[in-house]
Amino acid sequence: MTSVTVPAAEGRAVDVASGQRIRITTPRGHQAADFFAYNAADVSEWLSPMHTWVTTRSVKPRPGDQFLSRYRRPMLTIVEDTAAGCHDMLIAACDQKRYEQFGFEGHHRSCSENLAGAMQARGHVVAVTPQPVNFFTNTLVDPEGALLSPPNPVAPGAYVEMEALMDLICIVSSCPFDLKVEGWTINAPGGVSELEVSVA
Ligand SMILES: [Zn+2]
């Protein structure tokens, strides 16, 4: 088994071979985990929530669902979820511009930067940041279509486990979002925290 700690606000890439399982845990709870997956043999093929939800007919990933690539091929199956479905597939990965929109001055770590750095370390240039699956991220769409982000209820130790259906490079980013924005509480007030990733 391979275990990797993703330090708070950083990102890491792991190899997951077909048939292996990847588990992502938030040890302190309430920590958004941006998740990206690429076909290890052709990184032009990446996990696409848009292609996934039109097939599963749900904007929330659920145990038994398959995540599809942008070529509509199955990449992973969700095996277990102890976060009670508290995940998001709608919000783009945060990036420098997102923080500047909120008035932040200077460089701010972001999931887009974490992804690019993790892939660059493997010799891949990320020209387009894919839509991530945002595990442990509490969003909902109300009946009028408004997108809401209530406080994050995910308990310490919650995890999701997936089985790979092809050889993958998976990237997990501890979302560095730490701005105080009314009605938009992505992480816990206690701050950004680490994630644990294991592959077996
Ligand atoms: Zn983020």
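The structure this text deals with has already been given above.
Residues numbered from 1 in each chain as written. Predicted model: local features only at pLDDT ≥ 70, side-chain atom pairs only at ≥ 80, totals over all residues. Heavy atoms only, no water.

Draft legend 1. Geometry of the nonpolar core. Core analysis: the largest hydrophobic core is formed by 32 residues, its most contacted members being I22, I24, F35, F67, L76, F135 and M162. It is strand β12 (residues 158–164) that contributes the most residues to this core, four residues altogether. F36, I91, I171 and I186 belong to the second largest nonpolar core, which has 20 residues in total. (Core = buried A, V, L, I, M, F, W, Y, C linked by side-chain atoms within 4.5 Å. Buried < 20%, exposed > 50% of the residue type's maximum accessible area, 1.4 Å probe, protein only. Helix = DSSP H or I, 4+ residues; strand = E, 2+ residues; numbered from the N terminus.)

Draft legend 2. Representation of the packing of aromatic side chains within the structure. According to the stated counting rule, one finds six aromatic pairs in the structure shown. Summarising the aromatic geometry, the rings of Y38 and W46 are spaced 6.2 Å apart at their centres and angled 70° between planes, so their arrangement reads as edge-to-face. Classification of Y38 by relative accessible area gives buried; the value is 3%. Ring centres of F135 and F136 lie 6.3 Å apart, and the angle between their planes is 50°; on these two criteria the pair is classed as tilted. Pair check on accessibility: F135 and F136 agree, each one buried. Taken together, the ring pairs in this structure connect F35, F67, F135 and F136 into an aromatic cluster. Sitting above the plane of the Y159 ring, R23 keeps its charged end 3.7 Å from the centroid. The side chain of R70 reaches across the aromatic face of W46, ending 4.1 Å from its centre. (Phe/Tyr/Trp six-rings, centres within 6.5 Å; stacked < 30°, edge-to-face > 60°. Lys NZ or Arg CZ within 6 Å of the ring centre and 35° of its normal.)

Draft legend 3. The arrangement of the coordination of the zinc ion in detail. Around the zinc ion, the protein contributes the donor atoms C94 (SG), C111 (SG) and C175 (SG), which lie 2.2 to 2.3 Å from the metal centre. Spacing between the donor residues of the zinc ion along their common chain follows C-x16-C-x63-C. Residue C94 is located in the loop between β8 (87–88) and α2 (96–101), and its partner C175 is located in the loop between β13 (168–174) and β14 (195–199); the two are separated by 81 residues in the primary sequence. For the pair shown, C94 and C175 are each scored as buried. (Donors = N, O, S within 2.8 Å, 3.2 Å for Na, K, Ca; no water.)

Draft legend 4. Geometry of empty space enclosed by the protein. Within this structure, the stated rule accounts for one cavity of 30 Å³ or more. Empty space within the largest cavity amounts to approximately 30 Å³. Every residue along the wall of the largest cavity is listed here: P61, R62, P63, I78, D81, H87, F135 and V160. A per-class count over the lining of the largest cavity returns five nonpolar, one polar and two charged. (1 Å grid on protein atoms, 1.4 Å probe; cavity = no way out; pocket = protein on both sides within 12 Å on 5 of 7 lines; lining within 4 Å. Points joined across faces, edges and corners; volume = space filled by probe spheres on them. Nonpolar A, V, L, I, M, F, W, Y, C, P; charged D, E, K, R; others polar.)

What is shown is where atoms sit, not what they do.
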